[in-house]
Structure formats: C-alpha cells, structure tokens
Protein chains: 2
Amino acid sequence: MIPQNPWTTLASKTVYTNPWVKVREDDVVRPDGQRGIYSVVEIRPSVGVLAFNEKGEIALVGQWRYTLGRYSWEIVRGGSMEGESDLVSAARRELREETGYEAADWSLLGTVDVNNGITNDVQNLFVARGVAFHGARQEAEEEIATRWVPFAEAVRMALDGRITEVCSVAGILRYATLAGGH
Amino acid sequence: MIPQNPWTTLASKTVYTNPWVKVREDDVVRPDGQRGIYSVVEIRPSVGVLAFNEKGEIALVGQWRYTLGRYSWEIVRGGSMEGESDLVSAARRELREETGYEAADWSLLGTVDVNNGITNDVQNLFVARGVAFHGARQEAEEEIATRWVPFAEAVRMALDGRITEVCSVAGILRYATLAGGH
C-alpha cells in the first residue's frame, strides 16, 4: 500500500524570502478535515561529504555555528546552489571550498532528511576517496578549520557528544555500521 | 582552547512568527569583518524517543510529512512546548500522544542538533523502557500510525533508506553502536 497524501493544499503564498531560505504559508485542509495554515521553511537540497585520505582519516571541519551560539565539528556540508547541475557537483564544491581538497572517487551513501515539520531539507551523503590538496578556497564569510582524524575516532566523537551535528552523526554511524558488516 | 564567537550581533528583529517558528533577522559583523544580515529560524528544543517494549522492539511512528510530500517512519519525536517544565516531560507527552504508551524508565542518550546554518533546533534523544499502553491520545491535526519492530530491523531500516529522518537515523545507530560495544 502506498500511503496517500491526507492533506489538501488550497493556496500557497511566500511570506519571507532571502537567497538561502524561503518561508511559505499554505492554506490547508488537515487530515482531520479542519482548515488551517501550514508554514514551510524551504531550504535547497544539501550535501554532506565523508572525505577519506589514504591513511583512512576523515576530514572534519570546525566552525562557529551562529544559530547555536557555539563551535561545532562536522563532516563537510553545505547547501546546493541555484543552477548547480547535480548534487555531486555541489559536494565537490563544498569539499574544495571548506578543505581545499578535491577527490577522485565519489559514491552516494544515501540521503537523510531534516523533517521536523517545518523545513524540507534533504541532505545527500557522499563518500569521497582519492583526495588531493588543491589549495584552500574558503567561502568569504566563513572561518572554517579542517582536521583529519582516524575514522574510529570520528565514530567515538559521534557517540560521546563531541560531534552533535545530526547529519554528521547519522553519516558517520551509517558508514561505520555498513563497513562493520552489521 | 575554547573558541571565541567570531561574530558580532549589532541588532536583531523578528520578521515572521507563528506558534511554532520565529524567523529573526540579525544585523551582524561577520568573522571577516564585513557587515551583513543573518537570518535565524528559531525552533524550540525538541525530543526524540527510542521506546522499547519487553520484547526488545522499538516503537516507530509513521506519518505523512507535509514539508517533504511523502510518508515517513521515524522514532517518536516532537517539539517542546512553552512552559513545559523539562524535556523528559516533553518526551513523555510525545510518546503518549503519538503511541498511547507511557514508560517507567527514562534515560538520556544525548543530544543532536540540526545546525544547517539556518535553524537552531536541538533534539534531545531519550531511551524509554517499561512501556505500558494507556490508550491513544493523538494530537488532533495528525494521523500517526505506530509499529513495534525488532530493534535489529530498525537498524537495517536506518541503513537501507527505509528510515531517512535524520534524528531517527542518528539515534538508532548511536544506540546500536553503543549497545554493540564499539
């Protein structure tokens, strides 16, 4: 059985927009038949990269997260841009911009989504291998540090709270579990 | 070394608000010294619950996710409410509302955060045991189905894409990895 959409959208209007986010307010009929408003924060599809060097270390990037008010270590991540041909291109760009590295081999680990009922962010997780340094090219508004850590240590960080960013935790543990043959 | 906040907030104004979401626009000085605007989508702290019955099965809840336009199986999750005394209370309420179950034993598995640079959602993951059925009491606007699945099957679902909701993937794999003694 394929579940059917129990919602009906009667009308939709944009109530706020900037280059990264659009907030939409829909007039809906809810599954229980009641009329209501549903606000959706539209975010472009994003990418996450588990980049490994020849020593089996993974690239972690650190930055101050303005929205959280603290520093955060994460896998390489970012949003796709308008007109970007595909999500591997977005992943290549983010890896290069955040670490200065390019990678020869790319594979898709799967997608995860941030569906808290408000945003529609879908993050595509990639595994990148065969990295080579091409010179740092950071995004102008960001200060991003890079560390290469043994993958087993990244797994420990995802378990003990040193990594809390949820796409990084999901990506690292998904890869670790698949690699471990569960 | 404790990293210092490299951003300066000059002013802050609310540009959109409803009972669940507030969108804030801050005038900032970026780490590189440039003036700019930073939009923050403020979401209240949320909870996720890995609820186990005496057979070692975990409660998964299914619902149509309006923002994604598809059905999604997830752990029990939800936002905390204004005036809710603590996050365990929020977790108890969500478990009861979404599944009709209450649980005797609660422990914190840790937190994960959705820090995509836009929202400030922090999700507290709990493990609940000693469940007993008290009668379904669903939230009015939601149609939520409950399934109890063997935990090993939930792990497979988090790996093969049947579960993609990122807090569920992170919570299930974090618990599985810790329980597996990695």
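Residues numbered from 1 in each chain as written. Chains lettered and ligands numbered in written order. Predicted model: local features only at pLDDT ≥ 70, side-chain atom pairs only at ≥ 80, totals over all residues.

Asks: Please explain the overall build of chain A as it appears in this structure.
Replies: Scanning chain A for helices and strands turns up three helices and ten strands. In chain A, the order of α-helices and β-strands from amino to carboxyl end is β-β-β-β-β-β-β-α-β-β-β-α-α. Counting every position in chain A, which comprises 182 residues, the buried fraction comes to 38%. Within chain A, residue pairs in contact and separated by at least 24 positions form 58% of the contacts whose partners lie at least 6 positions apart. (Helix = DSSP H or I, 4+ residues; strand = E, 2+ residues; numbered from the N terminus. Buried ≥ 20, exposed ≤ 12 C-beta atoms within 10 Å, placed from the backbone. Contact = placed C-beta atoms within 7 Å.)

Asks: Is there a simple way to think about the relation of the copies chain A and chain B in this case?
Replies: There are two copies of the chain, and a rotation about an axis plus a shift along that axis relates them. Superposition of chain A onto chain B requires a rotation of 180° combined with a translation of 0.0 Å along the rotation axis, giving an RMSD of 0.0 Å. Taken together, the rotation and translation relating the two chain copies correspond to the operation of a two-fold axis. In terms of C-alpha distance to the rotation axis, chain A has A:A170 as its closest residue, with the C-alpha 2.1 Å off the axis. A share of 100% of the interface residues of chain A reappears at the interface of chain B, consistent with the copies meeting face to face through the same patch. (Least-squares fit on C-alpha atoms with pLDDT ≥ 70 in both.)

Asks: Sorry if this is basic, but what is going on with the interface of chain A and chain B here?
Replies: Interfaces are frequently sized by the accessible area removed from exposure as the parts join. Taken together, the contacts link 58 residues of chain A with 58 residues of chain B. Listing elements by their share of the side of chain A that touches chain B, those giving two or more residues are strand 1 (8-17), strand 2 (21-29), strand 3 (35-43), strand 5 (57-65), strand 6 (70-74), strand 8 (101-114), helix 2 (151-160) and helix 3 (166-179) of chain A. Among the elements that make up the side of chain A that touches chain B, the one with the highest residue count is helix 3 of chain A (nine residues). Its residues placed into classes, the side of chain A that touches chain B shows 30 nonpolar, 19 polar and nine charged. (Nonpolar A, V, L, I, M, F, W, Y, C, P; charged D, E, K, R; others polar.)

Asks: Hey, could you run me through the sheet that holds strand 2 of chain A in this one?
Replies: Sheet strands associate in pairs through backbone hydrogen bonding, adopting either a parallel or an antiparallel arrangement. All names here are of chain A. Across the sheet, three strands lie side by side as 1-2-3; this open sheet has antiparallel pairing. Unpaired on one side and paired on the other, strand 1 and strand 3 mark the two borders of the sheet. Across the sheet, the mean angle from the axis of one strand to that of its neighbour is 25°, orientation sign disregarded. (Pairing = 2+ DSSP bridges. Axes fitted to C-alpha atoms, helices over the stretch in contact; angles between N-to-C directions.)

Asks: How do you make sense of the environment of B:G135 when you look at a structure like this?
Replies: Structurally, the position occupied by B:G135 is in the loop between strand 9 (121-133) and strand 10 (145-150). With 8 C-beta atoms counted inside 10 Å, the residue B:G135 sits in the exposed group.

Asks: Even after reading the chapter, I still don't get the pairing of strand 6 of chain A, so can you show me in this structure?
Replies: Along any regular strand, the residues point their side chains to alternate faces of the sheet. Summarising the sheet, strand 5 of chain A and strand 6 of chain A pair through five bridges and their orientation is antiparallel. Counted as the bridge partner of A:W64 is A:Y71 from strand 6 of chain A.

Asks: Explanation requested: the sheet that holds strand 2 (residues 21-29) of chain B in the structure shown.
Replies: All names here are of chain B. Reading across the sheet, the three strands line up as 1-2-3 and stay open at both edges, with antiparallel pairing between neighbours. Each edge of the open sheet is held by one strand with a lone partner, namely strand 1 (8-17) and strand 3 (35-43). Within the sheet, the average angular offset between the axes of one strand and its neighbour, ignoring direction, is 25°. Pairing between strand 1 and strand 2: eight bridges, direction antiparallel. Of the residues in strand 2, the one forming a bridge with K13 is E25.

Asks: Any chance you could explain the packing of helix 3 of chain A against helix 3 (residues 166-179) of chain B here in plain terms?
Replies: Two numbers describe a pair of packed helices, the interaxial angle and the distance between the axes. Where helix 3 of chain A contacts helix 3 of chain B, the two axes come as close as 8 Å, and the packing angle between them is 50°. It follows from the interaxial angle that helix 3 of chain A and helix 3 of chain B lie oblique. Pair helix 3 of chain A / helix 3 of chain B crosses with left-handed handedness. On helix 3 of chain B, the residues that touch A:V166, A:C167, A:V169, A:A170, A:L173, A:R174, A:A176 and A:T177 of helix 3 of chain A are B:V166, B:C167, B:V169, B:A170, B:L173, B:R174, B:A176 and B:T177. A class-by-class count of the residues in the contact of helix 3 of chain A with helix 3 of chain B yields twelve nonpolar, two polar and two charged. (Parallel < 35°, antiparallel > 145°, perpendicular 65-115°, else oblique. Left-handed = near helix turned anticlockwise from the far one by under 90°.)

Asks: Hey, could you run me through the nonpolar core in this one?
Replies: The tendency in soluble globular proteins is for nonpolar side chains to be buried as a group. With 72 residues, the main nonpolar core has A:L50, A:A51, B:L50 and B:A51 as its most contacted residues. Those residues in contact with A:L50 that lie beyond four places of it in its chain are A:I58, A:I75, A:L109, A:L125, A:V127, A:A128, A:G171, A:I172 and A:Y175. Grouped together as the second largest cluster of nonpolar side chains are ten residues, A:V41, A:I118, B:V21 and B:I43 included. (Core = buried A, V, L, I, M, F, W, Y, C linked by C-beta atoms within 7 Å.)

Asks: What's the story with the environment of A:F133 in this structure? I'm lost.
Replies: Residue and element names in this part refer to chain A. Within the element layout of this structure, F133 appears in strand 9 (residues 121-133). When the C-alpha positions of F133 and Y101 are compared, they lie 4.3 Å apart, and in sequence the two are 32 residues distant. Sequence-distant contacts of F133, defined by excluding residues within four places in its chain, comprise G100 and Y101.

Asks: Before we go on, may I ask you to explain helix 2 (residues 151-160) of chain B in this structure?
Replies: Note: α-helices contain 3.6 residues per turn, so residues at a spacing of three or four share the same orientation. Considered for burial, the residues of helix 2 of chain B that qualify are B:A154, B:V155, B:A158 and B:L159. The arc that holds every buried residue of helix 2 of chain B, seen down its axis, measures 140°, which confines them to one face. Those residues of helix 2 of chain B hidden inside the fold are in contact with helix 3 of chain A together with strand 5 (57-65), strand 10 and helix 3 of chain B. Just beyond helix 2 of chain B, the residue with positive phi is B:G161, at close to 95°. (Arc of directions from axis to C-beta.)

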